[in-house]
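Structural characterization, general
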Amino acid sequence: MTPRLIRADQDVLGRNDRPVTITVDGEPVTGVAGQSIAGVLLAAGRTAWRYGRTGAGRGVFCGIGVCFDCLVTVDGVPDVRACRRRARDGDTVTTQTRVPSDVDTVTTQARVPSDVDGER
Ligand code: FES
C-alpha cells in the first residue's frame, strides 16, 4: 500500500477522484472514494494511529488484514482493520490504545514498566 495518491490527470485508468471526508478523533480527514481507512490516514501523513501496551505506535504493517496492527473504531464498532475497511463519506473513526495509564507515549521506551511483555 502506498501513501501516495495518483493524481487524476496521471491516472492511466481514467478514474475520477471523488472526495470522501472521514472524522478521525474529531478531526476531518479527506481522502478519495475507494481508499481504505488506512489509505486515507497514510495519505494524510499519519503513519501510526494505535498504541500498544508498550506505547509503541502502530499503523499499517501487513496491509492485507492479517496482522491487526491497524485496528480502529469505526462508527462505534471497535477493532475494525483500517487496511480492510473502505472509507465511506462521514465515517467516524476513533483511534484505539492499549497503553496503561502509567506509560508516557512521548517518552515511551524509557518509561515502560518492566513487567510489560512485548505484546503489541
Ligand atoms: S495492517 Fe495488518 S491487518 Fe491491517
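Looking at an unreviewed UniProt entry, one finds the protein chain named (2Fe-2S)-binding protein, with Actinocatenispora comari as its source organism.

When you line up the elements, Gln-35 lands in the loop between strand S2 (27-32) and helix H1 (37-43). Judged by the 19 C-beta atoms lying within 10 Å of it, Gln-35 is partly exposed. Along the backbone, Gln-35 and Ala-87 are 52 residues apart, and their C-alpha atoms lie at a distance of 6.0 Å. Filtering out sequence-adjacent residues up to four positions away, Gln-35 remains in contact with Val-40, Ala-43 and Ala-87.

Here two bridges tie strand S1 (residues 19-24) to strand S7 (residues 92-97), and the two strands are oriented parallel to one another. Residue pairing for S7: Val-24 is matched across the bridge by Val-93. Here strand S3 (residues 50-51) pairs with S7 via two bridges, running parallel. Within the sheet, the bridge partner assigned to Arg-50 lies in S7 and is Gln-96. Direction of pairing for strand S5 (residues 71-74) relative to S7: antiparallel, over a ladder of three bridges. Bridge pairing in S7 links Thr-73 to Thr-94.

Calculation rules
- Residues numbered from 1 in each chain as written.
- Predicted model: local features only at pLDDT ≥ 70, side-chain atom pairs only at ≥ 80, totals over all residues.
- Helix = DSSP H or I, 4+ residues; strand = E, 2+ residues; numbered from the N terminus.
- Buried ≥ 20, exposed ≤ 12 C-beta atoms within 10 Å, placed from the backbone.
- Contact = placed C-beta atoms within 7 Å.
- Pairing = 2+ DSSP bridges.

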